[in-house]
Amino acid sequence: MDADLHGDYDEEELEELIQIALLCTQSSPLDRPKMSEVVRMLEGEGLKEKWDKWRKKEDIIQKDYNSFNLYIKNYDSTSNIAPDELSGPR
């Protein structure tokens, strides 16, 4: 926050502005709100619904990412090969 405000700002409004900014900076343009939606959110309409929808989507992505990392971490591509096959012919 601007130091010149000396802490004189509404924290709830700040949080809403941050949420709108995060929605507007999605990597895919298709996931970003239209400017008309941004204006409505700034006017106090629809931010909660849009934010909740985004959070649910992010939760699913995070769960999938964590599951994938756990799978990779525990995956051993040689676990189903007999030791003598791994070492090759002698």
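Sequence order as written defines the numbering, with residues in each chain counted from 1. Restriction of local features to residues with pLDDT of at least 70 applies here, the model being predicted, together with a cutoff of 80 or more for giving and counting side-chain atom pairs; totals for whole chains, interfaces and linings are based on all residues. Values reported for side chains reflect all heavy atoms of the structure, with hydrogen atoms and water molecules removed beforehand.

On to a negative patch on the surface, then. Taken together, the side chains of Asp10, Glu11, Glu12, Glu13, Glu15 and Glu16 present a region of like negative charge at the surface. The helix and strand labels rest on DSSP assignments: H or I over at least four residues marks a helix, E over at least two residues marks a strand, and numbering proceeds from the N terminus. Inspection of the secondary structure puts Glu12 in helix H1 (residues 11–24). The exposure class of Glu12 is exposed, given its relative accessible area of 56%. Like charges are joined within 9 Å and nonpolar side chains (Val, Leu, Ile, Met, Phe, Trp, Tyr) within 5 Å, but only among residues with over 30% relative accessible area and no salt bridge; these make up the patches. Residue-level accessible areas treat just the shown protein chains as cover; the underlying method is Shrake-Rupley with a 1.4 Å probe. Any carboxyl oxygen of Asp or Glu that lies within 4 Å of a side-chain nitrogen of Lys or Arg is treated as forming a salt bridge with it. Think of it this way: Lys and Arg go in the positive column, Asp and Glu in the negative one, and His and the chain ends go nowhere. A charge is said to be at NZ when it belongs to Lys, at CZ for Arg, at CG for Asp and at CD for Glu. Type-normalised accessible area, obtained with a 1.4 Å probe on protein chains alone, sets the label of each residue: buried when under 20%, exposed when over 50%, and partly exposed for intermediate values.

What follows concerns a nonpolar patch on the surface. A contiguous nonpolar patch, built from Met1, Leu5 and Tyr9 and spanning about 280 Å² of accessible area, is present on the exposed surface. If you trace the backbone, Met1 turns up in the segment before H1.

Nine residue types can take part in a nonpolar core, namely buried Ala, Val, Leu, Ile, Met, Phe, Trp, Tyr and Cys, and a core is a set of them joined through side-chain atoms within 4.5 Å. Counting residues in hydrophobic clusters, the biggest one holds seven residues: Ile20, Leu23, Val38, Met41, Leu47, Trp51 and Trp54. When contributions to this core are tallied by element, the ones reaching two or more residues are H1, helix H2 (35–42) and helix H3 (47–74). If one sorts the elements of this core by residue count, H3 sits on top with three residues. Note on contacts: a residue pair is in contact if any heavy atoms of the two residues lie within 4.5 Å. Here Ile20 is in contact with Val38, Met41, Leu42 and Leu47, once residues within four sequence places are set aside.

Attention shifts here to the pattern of salt bridges. In total, this model carries three salt bridges according to the counting rule given. Across the pair Asp31 and Lys57 runs a salt bridge, and its minimum N-O distance is 3.0 Å. You can see Asp31 sitting in the loop between H1 and H2 and its partner Lys57 sitting in helix H3, a full 26 residues away along the chain. On the basis of relative accessibility, which here comes to 37%, the residue Lys57 falls in the partly exposed class. Among the salt bridges present, the one from Glu37 reaches Lys50, with a minimum N-O distance of 3.5 Å. Residue Glu37 is located in helix H2, and its partner Lys50 is located in helix H3; the two are separated by 13 residues in the primary sequence. In this structure Glu37 comes out as partly exposed when scored by relative accessible area, which is 22%. You can call Lys50 partly exposed: its relative accessible area is 24%.

Just distances and angles here, no functional claims.
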